[in-house]
Every structure is written in C-alpha cells, then in structure tokens.
Amino acid sequence: MPGIRKSDRVPILGELHGEIMVFEPLQVKELAPDGATIETAFPLPLNSLHDLRLTLDTGAVVVKARVVHSHVGEMGEDTVRYRSGVEFVEPPAYVGAAITEFLETLKS
C-alpha cells in the first residue's frame, strides 16, 4: 500500500528543470589531502562540482570536489576511460584527517 501524501502536489505549468545525482563507480589513481586524480567511464565537465565517496581503511567519507582538468585517459576496443583532476572544496576537518591518515598508512 503506497504511503499517504502529507501535502498536495502542485502542477507546474511552465518548465522546471532539475538534476538527479547518482553515484557512479570511479577509480582513484592519485590522492592527496587537497585533491585527487580519478578515472571514470564518462567525461566530467570542467569546474563542475561532485560529491565523491572515498572508501578508506577507516570507512567511507564524502567530499565535494571541483573538476580542474579532464581528458581521455585510455581507449580500448569497446571502452573509453576519462582522467580528471579534482580539488576538494572546503573538506570538513574529519575528512582531511581521514585522508591524511590513509595516505600515511600507504607510505609506511
């Protein structure tokens, strides 16, 4: 049985556009506390903002990232992989600490 609506929906007579955010898999190629190089199956527009979920040893963190550069990284017979450089935008202190701790673990 569907839920009961708490309010009536209002028809939109003109146009109202939106976007849906979907988490897609990506591969992190390089990582620093202030940004990363990532590889995706689709191009990322320059200066676009994205929420990245990074699965570190201590758990997953989500950080907002701005695309600084993007180019075709690898081409296969049926696939294209795109490499993008992203900078983290005002990451919370706990995210920076988690990334730094993860990187220190990799170095040792």
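Note: the structure precedes this text.
Residues numbered from 1 in each chain as written. Predicted model: local features only at pLDDT ≥ 70, side-chain atom pairs only at ≥ 80, totals over all residues. Heavy atoms only, no water.

Our focus in this paragraph is the environment of Val 62. Mapped onto the secondary structure, Val 62 falls in strand S4 (residues 59–75). A relative accessible area of 41% places Val 62 in the partly exposed class. Once the C-alpha coordinates of Val 62 and Ile 38 are considered, the two residues, 24 residues apart in sequence, prove to be 15 Å apart. Excluding anything up to four places from it in sequence, Val 62 contacts Asp 51, Leu 52, Arg 53 and Val 95. (Helix = DSSP H or I, 4+ residues; strand = E, 2+ residues; numbered from the N terminus. Buried < 20%, exposed > 50% of the residue type's maximum accessible area, 1.4 Å probe, protein only. Contact = heavy atoms within 4.5 Å.)

What follows deals with helix H1 (residues 93–107). Taking 1.5 Å of rise per residue, the 15 residues of H1 would be expected to cover 21 Å, and the 21 Å separating its terminal C-alpha atoms lies within 8% of that figure. The complete set of buried residues in H1 reads Val 95, Gly 96, Ala 98, Ile 99, Phe 102 and Leu 103. When H1 is viewed along its axis, its buried side chains cluster within an angular range of 165° and face the same direction. The outward face of H1, more than 90 degrees from its buried face, is lined by the exposed residues Ala 93, Tyr 94 and Lys 107. Among the structural elements, strand S1 (27–32), strand S3 (49–56), S4 and strand S5 (80–88) are those in contact with the buried residues of H1. (Expected span 1.5 Å × (residues − 1). Arc of directions from axis to C-beta.)

Attention shifts here to the side chain of Ser 48. By the element assignment, Ser 48 lies in the loop between strand S2 (35–40) and S3. The exposure class of Ser 48 is buried, given its relative accessible area of 16%. Within the structure, Ser 48 has its side chain in polar contact with the backbone oxygen of Pro 45 (distance 2.5 Å). Ser 48 has contacts with Ala 65, Arg 66 and Val 67, leaving out every residue within four places of it along the chain. (Polar contact = N/O pair within 3.5 Å; in protein donor to acceptor, adjacent residues only side chain to side chain.)

Right, let's get into the pattern of salt bridges. A complete count under the given rule lists five salt bridges for this structure. Across the pair Glu 39 and Arg 83 runs a salt bridge, and its minimum N-O distance is 3.3 Å. Of this pair, Glu 39 sits in strand S2 while Arg 83 sits in strand S5, and the two are 44 residues apart along the sequence. When its relative accessible area of 5% is taken as the criterion, Glu 39 is described as buried. Overlapping salt bridges bring together Glu 39, Arg 81 and Arg 83 as one network. (Salt bridge = Lys/Arg side-chain N within 4 Å of Asp/Glu carboxyl O.)

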